[in-house]
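What follows is the residue order along each chain.
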Amino acid sequence: MHLLWRSRWKISFKTKTPSEWMCPCHYHTGPVVLQSIQKKGRDSQVTRKHRKERSSCPAVLDLFDQQYSEELGDLWPAARAVLLDPHSWQYGVMLNRFSAVTDITQILQSQGFSTLLLQTDVSALLHNGSSMVSRSKRQEGEDCAVSLCDASKFPPCDTPLQSDSTSPVLGQNPQSEPTPSLSIPSLQCYIHSCPLRFPSQAHRPGQLKQYYLLNAASLLPVLALQVKDGEKVLDLCSAPGGKALAILQSANPALLCCNEPDPHRRDWLAKTLESFLPRALHSSVIVSAQDGRTFGQSEAGLYDKVLVDAPCSNDRSWLYSRNIQQGGQRLKERAKLPSLQAQLLKSALSAVRPGGIVVYSTCTLSSFENCAVVETVLDDFPEAELEDLWDEIAVPLSRYFAFSSRPGRGQTTHEPPPQLQNSAGSSYRRGLGILVVPQPGKTWGPMFLCRIRRRK
Ligand SMILES: C[S@@+](CC[C@H](N)C(=O)[O-])C[C@H]1O[C@@H](n2cnc3c(N)ncnc32)[C@H](O)[C@@H]1O
């Protein structure tokens, strides 16, 4: 392993199978549809096997029912149904641009997978740089329809998703999209409209892996970060490294510091980086082992961009806790998470340079770990300025993801309007971030993200 190290530790790799390397916040729990593709002979053939069924943890489900029915209202029953049916979960296949991927691309396409980030989506995202750009293009009085999925509108299985330029989703007129003016980024993720899972790729001695499996919603925080070539980037909570890889697929940062204090997870992170990155990149990727809460003090103002993909309740994984004891223990520890998350976010705001960007994300639906954390930190950080991601991310990508609901017009600050102040779950409407809620046919998420700029 030749990645640069901030500490003197040596990495000793464990002999885990690639499927065990899947992050809990990606997919590895519950029974999933498993495909195996016989690449030998190039006659890619899909077969399905079911993993051993695991039932959900009643204590966790009870708590989610209480909390999320209040916070999400009508969205919760459908989200609950998705979370309780792992057979319906979708999987994303992020290609590795540092490896030859022509054969994998052909196999994916032949199986009906198509790219998630179509040219118009990506150019809109990049072109929008600031959400205000796209906001100003919208007609006054125009409102967005709720982006939640109507399963009946989805293409049948085996029909690849197409760029639907006539789609009425969100009432957006495709003519008003900015014309593509930037090159297409190299971040490529293939998805299928059906819950098919591509097999994990085994280690290939001397060869880089060609793809990484993930929940496609995990790409949204990386898109929100808008990393440019030559920037210094900090991934404060990095293991197992899915988002770090996505950052390196989308740009060539001068430095990417991947921080992870947990030694086992750091091994996992290092293994991921080693399996996907060419040696030439190893000098610009650092693995660090600090407690993220104090990182901002030790490296104040050094980074252009900081990602805080915080430890969180991880709804998908927690629902399938190994046993009642583990579920109970997790619920006990849940109350401590918002404080840890707020400390991590504050530390990130110290680590970023004036004018730089911090993206905060979690894979839970819980408003206590999402909007409430952001609100707390903004109150303590007058130089932090929230940016609205709705027009920039939720609108162009609503054909793939179900977002909670449109933030109220003009409510992009964290100051709630009086009529929303006592309303549960109203924070998303206040523009404190965007929330991907799994829904039938759009089973990605949960994923919360918000972007904060540190004023100059
Ligand atoms: C949600 S996971 C990150 C997933 C990762 N970003 C990815 O995309 O693969 C959160 C990570 O934060 C780490 N973590 C926990 N406490 C931390 C702390 N005090 N500082 C930094 N990271 C911490 C956990 O060990 C875990 O690996």
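Counting starts from 1 at the beginning of each chain's written sequence and moves along it residue by residue. Whole-chain, interface and lining totals are the exception, using all residues; otherwise, since this is a predicted model, local features are given only for residues with pLDDT of at least 70 and side-chain atom pairs are given and counted only at 80 or more. To get the side-chain values, take all heavy atoms of the structure and skip hydrogens and water.

1. Focus: the overall build of the chain
Consideration 1: Under the scheme used here, helices are H or I runs from DSSP no shorter than 4 residues and strands are E runs no shorter than 2 residues, and both carry numbers assigned from the N terminus. Helix and strand content of the chain: 15 helices and 15 strands.
Consideration 2: Three exposure classes are used, based on accessible area relative to the maximum for each residue type with a 1.4 Å probe and protein chains only: buried under 20%, partly exposed in between, and exposed over 50%. Here the chain holds 456 residues, and 56% of them are scored as buried.
Consideration 3: Whether two residues touch is decided by their heavy atoms; if any such pair falls within 4.5 Å, the residues are in contact. Within the chain, contacts between residues separated by at least 24 positions form 80% of all contacts whose residues are at least 6 apart in sequence.
Consideration 4: Accessible area for the chain stands at about 18,800 Å²; split by element, carbon and sulfur atoms hold 52% of it. Note on areas: Shrake-Rupley with a 1.4 Å probe; residue coverage comes only from the protein chains shown.

2. Details of the pattern of salt bridges
Consideration 1: Here, a salt bridge means any side-chain nitrogen of Lys or Arg that lies within 4 Å of a carboxyl oxygen of Asp or Glu. If you walk through the whole model with that rule in mind, you get 11 salt bridges.
Consideration 2: Glu387 serves as the salt-bridge partner of Arg451, at 2.7 Å between the closest nitrogen and oxygen. Within this pair, whereas Arg451 is found in strand S15 (residues 447–454), its partner Glu387 is found in strand S13 (residues 384–387), the two being separated by 64 residues in sequence.
Consideration 3: The network of salt bridges with shared partners includes Glu387, Glu392, Arg451 and Arg453.

3. Thoughts on the sheet that holds strand S7 (residues 211–214)
Consideration 1: Strand pairing requires that DSSP identify at least two bridges connecting the strands. Strand order across the open sheet formed by four strands is S5-S6-S4-S7, with antiparallel pairing between neighbours. The sheet terminates laterally at strand S5 (114–115) and S7, the two strands that pair on one side only.
Consideration 2: With two bridges joining them, strand S4 (residues 92–95) and strand S6 (residues 189–191) adopt antiparallel strand pairing. Paired with Met94 across the strands is Cys189, a residue of S6.
Consideration 3: Along the sheet, helix H3 (residues 102–110) contacts S4, S6 and S7; its crossing angle with S4, the most-contacted strand, is approximately 155 degrees. Fitted lines through C-alpha atoms give the axes, limited to the stretch in contact for helices. The angle between two N-to-C directions lies from 0 to 180 degrees.

4. Brief notes about the nonpolar core
Consideration 1: Put simply, buried Ala, Val, Leu, Ile, Met, Phe, Trp, Tyr and Cys residues joined by side-chain atoms within 4.5 Å make one nonpolar core. Ranked by internal contacts, the top residues of the largest apolar core, which has 53 residues, are Leu116, Leu220, Leu273, Ile393, Phe401 and Phe403.
Consideration 2: Among the elements that take part in this core, helix H6 (residues 219–225) stands out by supplying six residues, more than any other.
Consideration 3: Grouped together as the second largest cluster of nonpolar side chains are 52 residues, Val60, Leu75, Ile286 and Val377 included.

5. Examining the site of the ligand
Consideration 1: Near the ligand you find 22 residues, and of these Glu260, Arg265, Asp291, Gly292 and Asp309 are the closest.
Consideration 2: One nitrogen or oxygen atom from the main chain of Cys237 is found 3.0 Å from a nitrogen atom belonging to the ligand.
Consideration 3: Measuring from an oxygen atom of the ligand, one finds a backbone N or O atom of Gly242 at 2.9 Å.
Consideration 4: Within the complex, 90% of the 610 Å² of free accessible area of the ligand lies under protein. One heavy atom within 4 Å of a molecule or strand makes the whole residue count as near it. Under this definition, polar contacts are N or O atom pairs within 3.5 Å; protein pairs additionally need one hydrogen-donor-capable and one acceptor-capable atom, and for neighbouring residues in sequence, both atoms have to be side-chain atoms.

6. Side note on the packing of helix H13 (residues 337–351) against helix H14 (residues 371–380)
Consideration 1: For the pair H13 and H14, interaxial distance at closest approach is 9 Å and the crossing angle is 45 degrees. Our classification of the angle between H13 and H14 gives oblique. Crossing of H13 over H14 shows right-handed handedness. Residues Pro338, Gln341, Ala342, Leu345, Lys346 and Leu349 of H13 lie in contact with H14, whose contacting residues are Val373, Val374, Val377 and Asp380. Should an angle fall under 35 degrees it is called roughly parallel, over 145 degrees roughly antiparallel, and 65 to 115 degrees roughly perpendicular, with every other angle called oblique. Handedness of a helix crossing follows the sense of rotation of the near helix relative to the far helix, less than a right angle counterclockwise being left-handed and clockwise being right-handed.

7. Points about the environment of Gln226
Consideration 1: Residue placement: Gln226 occurs in the loop between H6 and strand S8 (232–235).
Consideration 2: Remark: the alpha-carbon pair of Gln226 and Ile247, spanning 21 residues in sequence, is separated by 8.9 Å.

8. As for helix H8 (residues 263–276)
Consideration 1: A helix is expected to span 1.5 Å multiplied by its residue count minus one. Given a rise of 1.5 Å per residue, 14 residues ought to cover 20 Å, and the 20 Å separating the end C-alpha atoms of H8 matches this to within 8%.
Consideration 2: With 10 of 14 residues buried, H8 is to be regarded as a mostly interior element.
Consideration 3: Where H8 is concerned, the buried positions are Arg266, Asp267, Trp268, Leu269, Ala270, Lys271, Thr272, Leu273, Ser275 and Phe276.
Consideration 4: One side-chain oxygen at the N-terminal end of H8 lies 2.9 Å from the backbone nitrogen of His264; it belongs to Asp262.

9. Some words on the confidence of the model for the chain
Consideration 1: Scored by pLDDT, the chain has a mean of 76; 68% of the residues are at 70 or more.
Consideration 2: Per residue, pLDDT captures the predictor's confidence, and it can take any value from 0 to 100. Of the regions scoring below 50 in pLDDT, residues 7–51 engages in 119 contacts with residues more than four places distant in sequence or in other chains.
Consideration 3: Contacts for the low-pLDDT stretch residues 119–123, under 50 throughout, to residues beyond four places or in other chains number 11 contacts.

10. What to know about the environment of Leu337
Consideration 1: By secondary structure assignment, the location of Leu337 is in helix H13.
Consideration 2: Using a relative accessible area of 11% as the deciding quantity, one classes Leu337 as buried.
Consideration 3: Distance from Leu337 to Cys312, taken between C-alpha atoms, is 6.5 Å for residues 25 residues apart in sequence.
Consideration 4: Not counting chain neighbours up to four residues away, the residues in contact with Leu337 comprise Pro311, Cys312, Ser313, Trp318 and Glu369.

11. Details of the packing of aromatic side chains
Aromatic ring pairs are described here by two measures, namely the spacing of the ring centres and the angle between the planes.
Consideration 1: Two rings from Phe, Tyr or Trp (for Trp, the six-membered ring) form a pair when their centres sit within 6.5 Å of each other. Planes less than 30 degrees apart are called stacked, planes more than 60 degrees apart edge-to-face, and all others tilted. Enumeration over the complete set of coordinates arrives at 12 aromatic pairs.
Consideration 2: Taken together, a centroid distance of 5.0 Å and an interplanar angle of 35 degrees make the contact between Phe64 and Tyr68 tilted. Here the residue Phe64 and the residue Tyr68 both occupy positions in helix H1 (residues 58–72), the gap between them amounting to four residues, near one helical turn. As far as burial versus exposure is concerned, Phe64 and Tyr68 are alike and both buried.

12. As for the environment of Thr115
Consideration 1: Following the sequence through the fold, Thr115 ends up in strand S5.
Consideration 2: On the basis of relative accessible area, Thr115 is assigned to the partly exposed category, the value being 22%.
Consideration 3: Sequence separation between Thr115 and Gly92 is 23 residues, and the spatial gap between their C-alpha atoms is 9.4 Å.
Consideration 4: When near neighbours in sequence (up to four residues on either side) are disregarded, Thr115 contacts Gln188, Cys189, Tyr190 and Tyr400.

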